Structure formats: C-alpha cells, structure tokens
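# Close look at the chain arrangement
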Amino acid sequence: MRFGTIGAGTVAQAIAGHLVTAGHEVVLSNSRGPETLLDVVSRLGPLARAGTVEEAAAADMVFLTVTWPQVGDALAGLSPWDGRILVDTTNSGFAPPAVEDLGVETSSEFVAQRAPGARVVKAFNTLYAQYIAADPRHAEGRQLLFHAGDDDAAKAEFRAVFEGIGFAPVDAGSLREGGRLMQLGAVLSALHAVKLD
C-alpha cells in the first residue's frame, strides 16, 4: 500500500514517521512545493520522499493534515479519488467555515463532499500531536486511536495498518455519528487513553 500526506506539518510528520518505521513508503506534500520538504524527508529516511500534492493524493491511503481553513484549497482540482482512502485528521475550530456553520454535517462529511469518490476515514484529530508521534505501545497498553467512517472496508484497512504500528484503533461509528463524537470539544476530543493488553 502506498501512502501520501496533503500537508507536511507536525501531524503529517508524526504519521509518516510511524509508517516509515514500519517499512512503508510515504510521499509528503505541501502547498509550497517539494523543494521545501527536503530537510523533512531527509530526517524521516529513505522511505520518505517529497512530492506534489497531486502525487501524494494518488497514493492508496492519503492523510489530509492541513489546517481547517485550508481544506477547500488543499482538495481543489485533484483528480477523481476512485475509491482511495482519505484520512481526515483536521479539526474544525473557530475559523471559517466554523462547525456551527455546517448545520447537521460533521466536518468530515464536509471534507467528503470536496473529495468525491474518496472513502473518508476520520482519525488522529482527537490526539495531540505529541501522542501521535510517540510510540503507541506503553508499559500499560496501547494508545487508543478513535476513527470513524461510512465505508467498513476502508476502516478495516486503516485499522490493519495502525494496529500493525502499535495503536489500538477504536471504531467510533459513521462520519455523522462517530464524527460528531470526535469533533473539537466533543466527548472523545483530547481523550488520551490506553487499551490494557
């Protein structure tokens, strides 16, 4: 499976670090171009490379790690998703469009509408970056990783990848119901816990 990131900040680098350590190739991208990511990919190692947003979005599993106001621009103009998995790590805070402006939609449903054909999984947005970057295996157990989505097969693929890395994925449900539990300020937001093994 090929992996890509749209956005290359702290969260993208943390996820890419785990994937590279597990032996996976990752293409990182940002809006400023591949040449601005040479130090980042050098630090991550030979399985990481810098690419364009289009190259990263062509991967089998793509992580959307931009800030909430950048979501529309980051997804605009990308080729049809054709069933590839888009993992939405964003948090809709107080920047437009604010979550209250979405009506009954969750932020990940908003993302899904802007990536037609993508199988969207919501994940990583409930964890602070330092908990994403750290080894998910602790003496007490494994870091819980809440995720939500409307496609069971996509969630199963996501779960298999991150169980292999050492997280303990927990299915929170659909993008509507699970996504609502995971939004900023909701019950699962910033909940850091481990599964006792």
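Up top is the structure these notes are about.
Given the structure is predicted, the values throughout are model-derived calculations rather than measurements.

## Brief notes about the pairing of strand 8 (residues 168-171)
The side chains of a regular strand alternate between the sheet's two faces. For strand 7 (residues 141-149) and strand 8, the ladder comprises four bridges, and the chain directions are parallel. Bridge pairing in strand 8 links Leu 145 to Pro 169. This β-α-β element, strand 7 to helix 7 (residues 152-165) to strand 8, shows right-handed connectivity.

## Things to note about the pairing of strand 2 (residues 26-29)
Because side chains alternate across strand 2, one face comprises the buried residues Val 26 and Leu 28, and the other comprises Val 27 and Ser 29, equally buried. Handedness of the crossover joining strand 1 (residues 3-6) and strand 2 through helix 1 (residues 10-21): right-handed. Of the strand pairs in this sheet, strand 2 and strand 3 (residues 48-50) are connected by three bridges, and their pairing is parallel. Within strand 3, the position partnered with Val 26 by the bridge is Ala 48. With helix 2 (residues 38-44) bridging strand 2 and its parallel neighbour strand 3, the resulting β-α-β unit is right-handed.

## Looking at the layout of surface pockets
The calculated volume of the largest pocket comes to roughly 250 Å³. Residue lining of the largest pocket: 15 residues in total, with Thr 65, Val 66, Thr 67, Thr 89 and Asn 91 positioned closest to the centre. Across the lining of the largest pocket, the residue classes tally to seven nonpolar, eight polar and no charged. Of the voids in this model, the second largest pocket is the one considered here, and its volume is about 200 Å³. What lines the second largest pocket is simply Ile 6, Gly 7, Ala 8, Asn 30, Ser 31, Val 53, Val 66, Gln 70, Asp 73 and Ala 74.

Procedures and definitions
- Residues numbered from 1 in each chain as written.
- Predicted model: local features only at pLDDT ≥ 70, side-chain atom pairs only at ≥ 80, totals over all residues.
- Heavy atoms only, no water.
- Pairing = 2+ DSSP bridges.
- Helix = DSSP H or I, 4+ residues; strand = E, 2+ residues; numbered from the N terminus.
- Right-handed = clockwise from strand over helix to strand, strands pointing away.
- Buried < 20%, exposed > 50% of the residue type's maximum accessible area, 1.4 Å probe, protein only.
- 1 Å grid on protein atoms, 1.4 Å probe; cavity = no way out; pocket = protein on both sides within 12 Å on 5 of 7 lines; lining within 4 Å.
- Points joined across faces, edges and corners; volume = space filled by probe spheres on them.
- Nonpolar A, V, L, I, M, F, W, Y, C, P; charged D, E, K, R; others polar.

Read these as spatial facts, not as claims about activity.
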